[in-house]
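Below are the chains, spelled out letter by letter.
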Protein chains: 2
Amino acid sequence: MQNYKMILAYDGSRYDGWQKQGNTGNTIQGKLETLLTRLNGAKVEVNGSGRTDAGVHAKGQTASLVMDTEWDCHVLQETCNRYLPKDIVVLSLEQAPPRFHARLNAKGKIYTYRIGTSHIRNVFERNYLYDYGKPLDVAAMRQAAVLLTGTHDFQSFCSAKPGKKSTVRTLYDIAITETDREVRLRFHGNGFLYHMVRILTGTLIEVGNGSRRCEELPDILAARDRKKAGFLAPPEGLTLMEVEYDQKIQNQ
Amino acid sequence: MQNYKMILAYDGSRYDGWQKQGNTGNTIQGKLETLLTRLNGAKVEVNGSGRTDAGVHAKGQTASLVMDTEWDCHVLQETCNRYLPKDIVVLSLEQAPPRFHARLNAKGKIYTYRIGTSHIRNVFERNYLYDYGKPLDVAAMRQAAVLLTGTHDFQSFCSAKPGKKSTVRTLYDIAITETDREVRLRFHGNGFLYHMVRILTGTLIEVGNGSRRCEELPDILAARDRKKAGFLAPPEGLTLMEVEYDQKIQNQ
């Protein structure tokens, strides 16, 4: 038995998201488990750091998995990349301590959300950004972003119904950069609720287009009510960039 | 009657190339003619600067077309972009003198060919570069490129059988740039034969991987024989970047 840590990139456009549904479904996890189970000769479970929705991409999704026998990491990575679909790739693969678990040990995540602001669509990036098509007031969005940063109850920014689990998360930073064709949001936090990045983005877009004022944000947070926050930005603009772990856990 | 000049970008991945086949086929020209004919109320012919093959992209394909009535350029462009498929876009549209013809008046063209040299494929760029997957000797390729530049009979670099038409063309420049993941070739010439850029690229790749020597190039050119040149590089790496015209012709 050997535990492995895998870093993955994928174009989520043609998939029903990360998490397998029913038998396997057309999911990233399903594709990986089917292949690794065949290589292993017995069922392999691939644990991602978290789900990504249908149409959402990854440049640094991280997963852990246990194989019954020890594989040379390079050979296992090459074999995966030979047989995986062309829109999924294993960027790195290494042995991990037995207790390493990609979801349970994740300490932080970085997502980017790309918003196309050009009037003329970019045909080559159409699956990788939200074609908003109008300019946004980035200064106002930056002001709003500051009000969202920090440790808050993000229930208002979560599509799941309130339950027993805590909806408190810490957003370390929302960095907003701008080109003549695009506004890019980079979210760094210790964890994200279901749809949280996309609802934060939708809300920030509403600030950026003038339909919502920055001053509303503390009230939206305090309401703990999904209906108070902005629209759910579409999936294609979102990419999971990186999952952070304690070095201690990885080396123990 | 009013003549228009249109600059287009398209992702060629899902099309059978630029040129309509039979009735219209699944081609860029076919999509444009179907839409413009509907807007015009009578048959419109869209003349591209040249064909692009199936899977080849454009960031600056240029076409001319005559509408029976005068349209506001902005309105016509907007209408095209509303109804065209998401992977085709009109970047600019302007009135042109009656005699302007996108193919007959073209004075030069610029193509780029992108070669992925990284061992690990780029899932997001998979339709926009040739996933070669191994490093190339760019210094050798640059030496070879110099030998191809200039005015030559490029019959050896043309997939069409020799006929009465001249196969002499002038290649002003082949610029080769390199990143850690990619080699990019930029071809600037007064015109290109059928498959010429892709065969030049295949030949340069063979120089770059050591299977062919620079010194062979003058003999390949002199042979006027397709079999002497290198392989046909796949279409997905190729993009038509720009078509050049005399300012005089456009303003006459």
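No experiment lies behind these values; they were computed from the predicted model shown.

**Student:** In this structure, what is going on with the confidence of the model for chain A? I would like to understand it.
**Tutor:** Caution is warranted with low-pLDDT regions, since their predicted coordinates should not be read in detail. The predicted model of chain A averages 95 in pLDDT, with 97% of residues at 70 or higher. Both scores are available for the predicted complex, with the pTM at 0.91 and the ipTM at 0.88.

**Student:** Please explain the environment of Ile110 of chain A as it appears in this structure.
**Tutor:** Checked against the element boundaries, Ile110 of chain A lands in strand β5 (residues 106-116). For Ile110 of chain A and Tyr172 of chain A, which are 62 residues apart along the polypeptide, the C-alpha to C-alpha distance reads 10.0 Å.

**Student:** Sorry if this is basic, but what is going on with the packing of helix α3 (residues 138-148) of chain A against helix α4 (residues 196-208) of chain A here?
**Tutor:** To describe two helices that pack against each other, one gives the angle between their axes and the distance between the axes. Residues and elements named next belong to chain A. Closest axis-to-axis distance for the α3/α4 pair is 8 Å, and the angle between their directions is 140 degrees. On the basis of their axis angle, the class for α3 and α4 is oblique. α3 and α4 meet at a crossing whose hand is right-handed. Of α4, the residues touching α3 (which contributes Ala140, Met141, Ala144, Ala145 and Leu148) are Leu200, Leu204, Ile205, Val207 and Gly208. Looking at the contact of α3 with α4 residue by residue, the class counts come to 9 nonpolar, 1 polar and no charged.

**Student:** Help me understand the packing of aromatic side chains, please; the structure alone is not making it clear to me.
**Tutor:** Between two aromatic rings, the relevant description is the distance of the centres plus the angle of the planes. Taken as a whole and assessed by the stated rule, the structure comprises 14 aromatic pairs over all chains. Note on Tyr111 of chain A and Phe192 of chain A: the rings are 5.3 Å apart at their centroids and 85 degrees apart in plane angle, and the pair reads as edge-to-face. Of the two residues, Tyr111 of chain A is situated in strand β5 and Phe192 of chain A in the loop between β9 (182-189) and α4; the sequence distance between them amounts to 81 residues. For Phe192 of chain A, a relative accessible area of 16% puts it in the buried group. Aromatic side chains Phe154 of chain A and Phe157 of chain A sit 6.2 Å apart centroid to centroid with 65 degrees between the ring planes, which places their arrangement in the edge-to-face category. Judged by its relative accessible area of 0%, Phe154 of chain A is buried. Chaining the aromatic ring pairs together yields one cluster made of Tyr130, Tyr132 and Phe231 of chain A. The side chain of Lys59 of chain B reaches across the aromatic face of Phe124 of chain A, ending 5.2 Å from its centre.

**Student:** How do you make sense of the pattern of salt bridges when you look at a structure like this?
**Tutor:** It is possible for side chains bearing opposite charge to pair when their charged atoms get close. Overall, the coordinates contain 28 salt bridges over all chains when judged by the stated rule. Across the pair Lys20 of chain A and Glu33 of chain A runs a salt bridge, and its minimum N-O distance is 2.8 Å. Of this pair, Lys20 of chain A sits in the loop between β1 (2-10) and α1 (28-40) while Glu33 of chain A is found in helix α1, placing the two residues 13 residues apart along the sequence. Assessed through its relative accessible area of 28%, Lys20 of chain A is described here as partly exposed. With a closest N to O distance of 3.0 Å, Arg114 of chain B and Glu125 of chain B form a salt bridge. With a gap of 11 residues between them, Arg114 of chain B in strand β5 (residues 106-116) and Glu125 of chain B in the loop between β5 and β6 (130-131) connect regions that are remote in the sequence. Each member of the pair, Arg114 of chain B as well as Glu125 of chain B, carries the same accessibility label: buried. Three or more residues are tied together by salt bridges with common partners; here these are Asp11, Arg14 and Asp87 of chain A together with Arg126 of chain B.

**Student:** Would you explain the interface of chain B and chain A in this entry?
**Tutor:** Interface size, as often reported, equals the accessible area lost upon joining of the parts. Between chain B and chain A, the residue contacts involve 25 residues of the former and 25 residues of the latter. A combined buried area of about 2000 Å² lies between chain B and chain A, and 59% of that area is made up of carbon and sulfur atoms. Between the two partners, chain B and chain A, sit 4 salt bridges. Between Arg126 of chain B and Asp87 of chain A there is a salt bridge whose closest N-O contact spans 3.9 Å.

**Student:** Just checking my understanding: could you explain the pairing of β1 of chain A for this structure?
**Tutor:** Residue and element names in this part refer to chain A. For β1, a buried count of 8 out of 9 residues is recorded, marking the element as mostly surrounded by other parts of the structure. Bridge count between β1 and strand β3 (residues 57-67): 8 bridges; the pairing is antiparallel. The partner of Gln2 across the bridge, within β3, is Met67. Bridge count between β1 and strand β4 (residues 88-96): 8 bridges; the pairing is antiparallel. If you follow Tyr4 over to β4, its bridge partner there is Gln95.

Conventions adopted
Residues numbered from 1 in each chain as written. Chains lettered and ligands numbered in written order. Predicted model: local features only at pLDDT ≥ 70, side-chain atom pairs only at ≥ 80, totals over all residues. Heavy atoms only, no water. pLDDT = per-residue confidence, 0-100. Helix = DSSP H or I, 4+ residues; strand = E, 2+ residues; numbered from the N terminus. Axes fitted to C-alpha atoms, helices over the stretch in contact; angles between N-to-C directions. Parallel < 35°, antiparallel > 145°, perpendicular 65-115°, else oblique. Left-handed = near helix turned anticlockwise from the far one by under 90°. Contact = heavy atoms within 4.5 Å. Nonpolar A, V, L, I, M, F, W, Y, C, P; charged D, E, K, R; others polar. Phe/Tyr/Trp six-rings, centres within 6.5 Å; stacked < 30°, edge-to-face > 60°. Buried < 20%, exposed > 50% of the residue type's maximum accessible area, 1.4 Å probe, protein only. Lys NZ or Arg CZ within 6 Å of the ring centre and 35° of its normal. Salt bridge = Lys/Arg side-chain N within 4 Å of Asp/Glu carboxyl O. Buried area = accessible area lost by both parts, 1.4 Å probe. Pairing = 2+ DSSP bridges.

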